[in-house]
Amino acid sequence: MNYGPLLFLGILFTLASSWVGLVLMPNRQLGALTANTSTNDTGVVVVYPQPRHGEAQQGAEHYRSLGCVYCHSQQVRPEGFGSDIERGWGRRRTVSRDYLYDKPVMLGTSRTGPDLTNIGERQSSHDWHYSHLYNPQITSKGSVMPPYPFLFEKRRVPASGPSSDALKLSGEFAVEDGWEVVPRPQARQLVEYLRSLKTTVDLPEAPLPKAAAVEE
Amino acid sequence: MNVIALILLGSVVVVPAVALWSLHWASRTGEFRLLNRAALLPFDDEEPVGQATDQILNRGGDRR
Amino acid sequence: MSSTNTLKALMPGDVQSDPARRAMLAEIDASCRVPVLFFVVSGLMWLLLGTLLALVASIKLHNPEFLAAWEWLTFGRVRPAHLNTVIYGFASQTGIGVTLWLMCRLCRVPFPAPGLTTVAALFWNLGLTIGVVGILVGDSTAIEWLELPRYSTPILFFSYALVAVWSVITFRLRRERHLYVSQWYLLAALLWFPWLYATAQIMLLIEPVRGVVQASVNWWFAHNVLGLWFTPIGLGAIYYFIPKVVGRPIHSYYLSVLGFWSLALFYNWNGLHHLIGGPMPAWMITVSVVASVMMLIPVITVAINHHFTMVGHFGKLRHSPTLRFIVFGAMAYTLTSLQGVANSLRSYSEIVHFTHHTVAHAHLGVYGFFTMVMFGSLYYIVPRITQREWPSLALISVHFWGCALGLILYVVPLSYGGILQGLGMNDASIPFLKVVEGTLPWLRIRTGAGLLLALGHVAFVVNLGWLLCRVFGPYRKPVVELFTETGTAAVTAK
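Rules of the game
- Residues numbered from 1 in each chain as written.
- Chains lettered and ligands numbered in written order.
- Predicted model: local features only at pLDDT ≥ 70, side-chain atom pairs only at ≥ 80, totals over all residues.
- Heavy atoms only, no water.
- Contact = heavy atoms within 4.5 Å.
- Buried area = accessible area lost by both parts, 1.4 Å probe.
- Salt bridge = Lys/Arg side-chain N within 4 Å of Asp/Glu carboxyl O.
- Helix = DSSP H or I, 4+ residues; strand = E, 2+ residues; numbered from the N terminus.
- Nonpolar A, V, L, I, M, F, W, Y, C, P; charged D, E, K, R; others polar.
- Pairing = 2+ DSSP bridges.
- Buried < 20%, exposed > 50% of the residue type's maximum accessible area, 1.4 Å probe, protein only.
- Domains from an automatic or database assignment.
- Phe/Tyr/Trp six-rings, centres within 6.5 Å; stacked < 30°, edge-to-face > 60°.
- pLDDT = per-residue confidence, 0-100.
- Patch = residues over 30% accessible without salt bridge, like charges linked within 9 Å, V, L, I, M, F, W, Y side chains within 5 Å.
- Areas by Shrake-Rupley, 256 points an atom, 1.4 Å probe, with all protein chains shown as cover.
- Core = buried A, V, L, I, M, F, W, Y, C linked by side-chain atoms within 4.5 Å.
- Axes fitted to C-alpha atoms, helices over the stretch in contact; angles between N-to-C directions.
- Parallel < 35°, antiparallel > 145°, perpendicular 65-115°, else oblique.
- Left-handed = near helix turned anticlockwise from the far one by under 90°.

The interface is formed by 76 residues belonging to chain A together with 86 residues belonging to chain C. Between chain A and chain C, roughly 6,900 Å² of surface is buried when both sides are summed, and carbon and sulfur atoms account for 66% of that area. At the junction of chain A and chain C, the tally comes to zero salt bridges. Listed by contribution, the elements that provide at least two residues to the side of chain A that touches chain C are α1 (4–30) and α2 (54–65) of chain A. By residue number, the principal contributor to the side of chain A that touches chain C is α1(A), which donates 20 residues. For the side of chain A that touches chain C, the per-class residue count stands at 38 nonpolar, 29 polar and nine charged.

Okay, here's the thing in structure tokens:
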């Protein structure tokens, strides 16, 4: 094989094939997806998915910046493939449409921690999330999730009395008398984002199981 | 039938045709005739076949 | 010598035709000194930094309180910082250094346009420094293998373009018309990478595509960085160094042709097996699974070729550091590729996807195969371009055994632990925290393995630094001339 141009052509041609197949074709097929409009049992028109706004969207930026994606996936595999649904990580599998407005899409490739696709449905308590982020050992002894103390502020209890959103810390995690730990804006936004994570709407390509759908 | 299907069907014919043609071209111009000789390209008079290089470890006391 | 005559008779015509016009090996080697060393030395600096980041990340995974107070050192930043320093800082730069030298030698030209590659290396390091700092302060894109923030990547791309231009110039100037199999691999790598990188940058960072198309572009890119950038450079180096060190042509040149084209055809379709079970249309993933299984063809042909060339020459492993590292790398390539085929099967992926098994697999590939091959290549290249011998043979042994044992200790336990983790996760009756607890012993072993690897790296860098100090000192004639067997024989005869 001594003929340079032929080698060059071969090199370009082979990559071009998968470039068309795995980059352009998916873009053609999925790039045209739109939100789904349906009417639920109570006659209300539901458009799903919706873009995120405000605090939840700012929280998504923290989720990206702090690299939560390296331990948490956001995808539910179908029934019978793994035990995602049995573990309660979602009631139905996730499909392309669920991620329509995500930038970046953070599907994740690691489950050092649980899947978070539906954490908003599973855990909606602000307090739980704040304690967990401040130090996961408070809520989940033995976790390997890192603590995020820098998302919180330790300060003197103001003269007006303890702040309403101060963390309820006890035992080994308690702070000195006269001090309190409150979430910084980043923590608040991150928790809003986590609470916004749920795929609880029926889609034609991924219907919710019947019993669950009625309960909705 | 949409455009993509046409492109796919077309490439099913065109790709093997191009591949066959280039194979034919290559064998006609003798690309395969001396195939195994290209294996000698890393060698030359300075460092011919049969001469090992880079033999520096575990040589007994002869290195220092 | 009669062997030379036989060789002449066998050589394709014009290899021999005009020896006067062809550059001598020593002349080529000397011309490579500065440009190649520039890439290699900066690559090794990034390796040290990357090793440190890796250790921090590894400790954090079983000791989450470790360095937890600093935002910029949180796990989710250290991990991508580690990946990007070792991939773009160490592996890519060292790979480019080795590629430059191989291209000059195989094209039989003294290094053309050294200014071009020097500028490229400068910008590469500049772009990467900006990018890694960016990740640590929170600008990571969170797109795996592409975490470097948008403001740093154009610098890297520009620098890369210079290298590609250089390779085309060198190719056009070549004095050896015939192409050796290593050159196909290297040229392919040099042309594939800019295409991959440009596509990923444009479709993910500059003008992001919608929804999960991002994921397919992401994994098309990330898998191809391995398959179409590191793999061809590594294989190209193996195809050159095994024959060169043992002094025997490759087992079957025909197989190498088959191996190259089947790799070119199938590898680039593999990427989407990272999304098995994910929210993608089934056809995309199926195509990738099929292509992944087809990888058996190039892998087996390459394995036969490399391992059969070694048959009868295993004794040389005792004497050649290059051969040790390269043969280790070739074996790791075979293993990691077979493991990769297994990982891409749905039934197996159902278990090991999302676990530490994948991390072990990645290290068997990028470290066991590619990094070890690069180390081996450097043991050959550096003495020749500097005209100095390695100052300490003991340090070479520390390097080899630290890395070889470290890697085995890394990959074997973590692969096993990953399977247990996957089985545990797929059994919904086991609480998640129990599964987490089960991974701890394997994660701790991994930190130990990382320390061994770090030891090897330090030994290597010390040896190289020592050698480079001598370059600036007075010239000393090497004891073992040309580092060849005949050279050694001459010494013994004295």
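Residue and element names in this part refer to chain A. Two elements, strand β1 (residues 36–39) and strand β2 (residues 45–48), share four bridges in a ladder whose sense is antiparallel. Following the sheet pairing, Thr37 is matched in β2 by Val47. Taken together, β1 and the strand that follows it, β2, pair antiparallel across an intervening segment of five residues, in which Gly43 is found at a positive phi of about 80°.

What follows is about unusual backbone geometry. Tyr48(A) connects to Pro49(A) through a cis peptide bond whose omega is -5°. Across the junction of Lys103(A) and Pro104(A), the peptide omega takes the value -5°, indicating a cis bond. Turning to its location among the elements, Pro104(A) is positioned in the loop between α2 and α3 (119–122). For Trp145(C), which is not glycine, the phi dihedral falls at a positive 75°. One can find Trp145(C) in the loop between α6 (114–139) and α7 (153–173). Here Gln387(C), not a glycine, exhibits a phi torsion of approximately 60°, which is positive. Relative to the helices and strands, Gln387(C) resides in the loop between α15 (356–386) and α16 (393–425). Taking the relative accessible area as the measure of exposure, Gln387(C) reaches 33% and is therefore partly exposed.

Attention shifts here to the pattern of salt bridges. Residue and element names in this part refer to chain A. Going through the model one piece at a time under the given rule, you end up with 17 salt bridges over all chains. Of the charged contacts in the structure, one is a salt bridge between Arg91 and Glu121, with a shortest N-O distance of 2.5 Å. Placement of the pair is Arg91 in the loop between α2 and α3 and Glu121 in helix α3, with a sequence separation of 30 residues. Judged by its relative accessible area of 21%, Arg91 falls in the partly exposed class. The class for Glu121 is partly exposed, based on a relative accessible area of 35%. Bridged by salt links that share partners, the residues Arg77, Asp84, Arg111 and Asp115 form one connected network.

We now examine the domain arrangement of chain A. Each assigned domain of chain A is listed here: domain 1 (4–32) and domain 2 (51–212). Each of domain 1 of chain A and domain 2 of chain A has a C-alpha centre, and these two points are 38 Å apart.

Counted by the stated rule, this structure contains 42 aromatic pairs over all chains. Relative to Trp195(C), the ring of Trp19(A) has its centre 5.8 Å away and its plane inclined at 65°; by these criteria the two rings are edge-to-face. With Trp19(A) in helix α1 and Trp195(C) in helix α8 (residues 181–206), this pair bridges two chains. Looking at Trp19(A), the relative accessible area reads 25%, which means it is partly exposed. Aromatic side chains Trp101(C) and Tyr240(C) sit 6.0 Å apart centroid to centroid with 85° between the ring planes, which places their arrangement in the edge-to-face category. Taken as a pair, Trp101(C) in helix α5 (residues 75–107) and Tyr240(C) in helix α9 (residues 213–246) lie far apart in primary sequence, 139 residues in all. Among the aromatic residues, ring-to-ring pairing joins Phe90(C), Phe325(C), Phe328(C), Tyr367(C), Phe375(C), Tyr379(C), Trp390(C), Phe400(C), Trp401(C) and Phe460(C) into one connected group.

The subject of this paragraph is the confidence of the model for chain C. All names here are of chain C. Overall, the prediction assigns chain C a mean pLDDT of 90, with 91% of residues at 70 or greater. Segment residues 1–17 is flagged for pLDDT under 50; beyond a separation of four residues in sequence, or across chains, it makes 25 contacts in the model. Scored below 50 in pLDDT, residues 479–494 shows 33 contacts in the model against residues more than four places distant or in partner chains. As a predicted assembly, this complex carries a pTM of 0.91 together with an ipTM value of 0.92.

Residues and elements named next belong to chain C. On the surface, Val293, Leu296, Ile300, Ile304, Phe308, Val311, Phe314, Met331, Leu338 and Leu345 cluster together to form a nonpolar patch covering roughly 780 Å² of accessible area. Residue assignment for the nonpolar patch shows that the elements contributing at least two residues are α12 (296–310) and α13 (321–343). Ranked by residue count, the leading element in the nonpolar patch is α12, at four residues. Along the chain, Met331 falls in helix α13.

Now for the nonpolar core. Residue and element names in this part refer to chain C. With 208 residues, the main nonpolar core has Trp101, Phe221, Trp229 and Phe375 as its most contacted residues. Per-element accounting of this core gives the leading share, 21 residues, to α9. Phe375 has contacts with Leu44, Leu47, Phe90, Phe325, Tyr367, His399, Cys403, His457 and Phe460, leaving out every residue within four places of it along the chain.

With respect to the helices, strands and loops of the structure, His319(C) is situated in the loop between α12 and α13. Taking relative accessible area as the criterion, His319(C) reaches 15% and is therefore assigned buried. Among residues more than four places away in sequence, those in contact with His319(C) are Asp54(B), Gln55(B), Ile56(B), Leu57(B), Asn58(B) and Arg59(B).

Let us now look at the packing of α5(C) against α8(C). Residue and element names in this part refer to chain C. Across the interface, α5 lies against α8 with an axial gap of 10 Å and an inter-helix angle of 140°. Comparing their axes, α8 and α5 come out oblique. The two elements α5 and α8 cross, and the hand of that crossing is left-handed. Between α5, through Tyr88, Thr99, Leu102, Met103, Leu106 and Cys107, and α8, the contact on the second element is made entirely by Ser182, Gln183, Leu186, Leu187, Leu190, Phe193 and Tyr197. For the contact of α5 with α8, a count of residues per class yields ten nonpolar, three polar and no charged.

Next up on the list: the environment of Phe354(C). Along the chain, Phe354(C) turns up in the loop between α14 (346–352) and α15. Among the residues examined, Phe354(C) registers a relative accessible area of 1% and is labelled buried. Phe354(C) has contacts with Ser73(A), Gln75(A), Arg77(A), Gly108(A), Thr109(A), Ser110(A), Arg111(A), Thr112(A), Gln421(C) and Met425(C), leaving out every residue within four places of it along the chain.

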